[in-house]
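Here are the chains, one letter per residue:
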Amino acid sequence: MEKLFTINKDGCSIRCKLYSKEPRSAKRVVIFCHGFGGHKDNHAAARYAEYVLSKNRGVAVVTFDFPCHGEDARHILRLEDCMNYLQEVHDWAKETMHPEEICAYATSFGGYILLLFIHERGMLFRKAVLRCPAVPMHEVFGKIISPDEQQRIEKGKEVMVGFDRKVRVDRTFLEEISANDVTQYDYSDYAYDILVIHGTGDEIVPMEPVKEFAENSFLDFIPVEGADHRFHDPKKMDEAILQIESFFTSDAEHP
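Nothing here was measured: the structure is a model prediction, and the numbers come from that model.

A.B. asks: What is the right way to look at the packing of aromatic side chains in this model?
C.D. replies: How two aromatic rings sit relative to each other is given by the distance of their centres and the angle of their planes. A full pass over the atoms with the stated rule returns 14 aromatic pairs. Ring geometry for Phe64 against Phe66: centres 5.0 Å apart, planes inclined by 70 degrees, an arrangement best described as edge-to-face. Judged on exposure class, the residue Phe64 and its partner Phe66 are both buried. Geometrically, the ring pair formed by Phe117 and Phe125 is tilted, given 6.1 Å between the ring centres and 50 degrees between the ring planes. Of the residues examined, Phe117 reaches a relative accessible area of 0% and is grouped as buried. Owing to a relative accessible area of 3%, Phe125 belongs among the buried residues under this scheme. Here the aromatic cluster, defined as three or more aromatic residues joined through ring pairs, consists of Phe36, Phe64, Phe66, Phe109, Tyr112, Phe141 and Phe173. Residue placement shows Lys127 over the ring face of Phe247; its charged tip is 4.7 Å from the ring centre. Sitting over the ring of Phe231, Arg131 keeps its end group 5.0 Å from the ring centre.

A.B. asks: Help me understand helix 8 (residues 234–249), please; the structure alone is not making it clear to me.
C.D. replies: Side chains that are three or four residues apart share a direction in an α-helix, a result of its 3.6 residues per turn. The end-to-end C-alpha distance of helix 8, which contains 16 residues, comes to 22 Å, matching closely the 22 Å that a straight helix rising 1.5 Å per residue would cover. On its buried face, helix 8 sits against strand 3 (28–33), helix 1 (43–55), strand 5 (101–107), strand 6 (128–131) and strand 9 (194–199). Two or three places before Lys235, at the start of helix 8, stands the capping residue Asp233, its side-chain oxygen 2.9 Å from that residue's backbone nitrogen.

A.B. asks: Explain the side chain of Asn42 to me, please; I cannot follow it from the model alone.
C.D. replies: On the secondary structure map, Asn42 appears in the loop between strand 3 and helix 1. A polar contact is formed between the side chain of Asn42 and the backbone nitrogen of Ala45, at a distance of 3.0 Å. In this structure Asn42 touches Phe32 and His34, once residues within four positions along its chain are discounted.

A.B. asks: Explanation requested: the nonpolar core in the structure shown.
C.D. replies: Buried together is how nonpolar side chains tend to be arranged in soluble globular proteins. Counting residues in each nonpolar core, the largest one holds 69 residues, and the members touching the most others are Phe36, Phe64, Phe109, Tyr112, Phe141, Val169 and Phe173. Per-element tally for this core: the top contributor is helix 2 (residues 79–97), with nine residues. If sequence neighbours within four positions are ignored, Phe109 has contacts with His34, Gly35, Phe36, His69, Leu77, Leu79, Cys82, Ala134, Met137 and Phe173. Of all hydrophobic cores here, the second largest spans 27 residues; its members include Ala49, Cys103, Val129 and Ala227.

A.B. asks: Mind showing me how you'd approach the pairing of strand 6 here?
C.D. replies: Along any regular strand, the residues point their side chains to alternate faces of the sheet. Of the two faces of strand 6, the one holding Ala128 and Leu130 and the one holding Val129 and Arg131 are both buried throughout. Crossover connection from strand 5 via helix 3 (residues 109–121) to parallel strand 6: handedness right-handed. Direction of pairing for strand 6 relative to strand 9: parallel, over a ladder of four bridges. Counted as the bridge partner of Arg131 is Ile197 from strand 9.

Definitions and limits used
Note on numbering: residues in each chain are counted from 1, in written sequence order. Only residues with pLDDT of at least 70 get local features here, since the model is predicted, and only at 80 or more are side-chain atom pairs given and counted; chain-wide, interface and lining totals rely on the full set of residues. The basis for every side-chain value is the complete set of heavy atoms in the structure, and neither hydrogens nor water enter the calculation. Classification of ring pairs rests on two measures: the distance between centres of Phe, Tyr or Trp rings, Trp counted by its six-membered ring, which must be within 6.5 Å, and the angle between planes, read as stacked under 30 degrees, edge-to-face over 60 and tilted in between. Each residue gets one of three labels from its accessible area relative to the maximum for its type: buried under 20%, exposed over 50%, partly exposed in between, using a 1.4 Å probe on protein chains only. Placement of a charge over a ring requires the Lys NZ or Arg CZ to be within 6 Å of the ring centre, with the centre-to-atom vector within 35 degrees of the ring normal. In this text, helices come from DSSP runs of H or I with a minimum length of four residues, and strands from runs of E with a minimum of two, each type numbered from the N-terminal end. Helix span, expected: 1.5 Å multiplied by one less than the number of residues in the helix. Whether two residues are in contact is decided by their heavy atoms: any pair within 4.5 Å suffices. Side-chain atoms alone can form a polar contact between residues adjacent in sequence; in general such a contact is a pair of N or O atoms within 3.5 Å, and within protein one must be able to donate a hydrogen while the other accepts it. Only buried residues count toward a nonpolar core. Its members are Ala, Val, Leu, Ile, Met, Phe, Trp, Tyr and Cys residues joined through side-chain atoms within 4.5 Å. Crossover handedness is defined here as right-handed if the route from the first strand over the helix to the second strand goes clockwise, with the strands pointing away from the viewer. Whether two strands pair comes down to DSSP finding at least two bridges between them.

What follows is the structure in structure tokens.
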């Protein structure tokens, strides 16, 4: 079952998508955060939802458009707005569905936002998985934009950049991601609650700095041999999904 809906609260109009067979009795809700230039109709989220719902009727998956992404109407991208959207989706799931637990699955830019969110607002999720997180976000963004776009931004102009769909960014956004370097934060308090999965063939976010980040905070890190940034190979995506579900369903006690 797929359902489109909108969360209207505190000036936000967040476009969402729900995957669930029995939404009123979901014991676990997984909130999916897409990457830069992505949207709620994310193939990875749909594939994950298809798998998990075929195995467990008590799970619901919620995706949403970050500000300036997909069908969102905001004009310019800001990190605080991204975190506010995630907060509102979390609160909606908690207050509307009353699940026993809420988890998060974030990829690329979504992983960066989730890490920033956890640093600033705490770990509101029972568990979180980061697939190919854009941990060195400022450096990664330098790969996304062209030299001409970089020059235009430095001159104070707005530019449209991205992959599936273009996103409007400006110099303030670049200054924000430069000032918010998640590699400088300590996530060791959540060492048993966060899993990092990364493809060894990632062409957008290099694996080594992400691996180093995970090791510095004692986070479990799983490399997937040969997987690119989007895990285009279905077998490698399935491998990641199995790891994600194993992590979410693990009830092992912390030592």
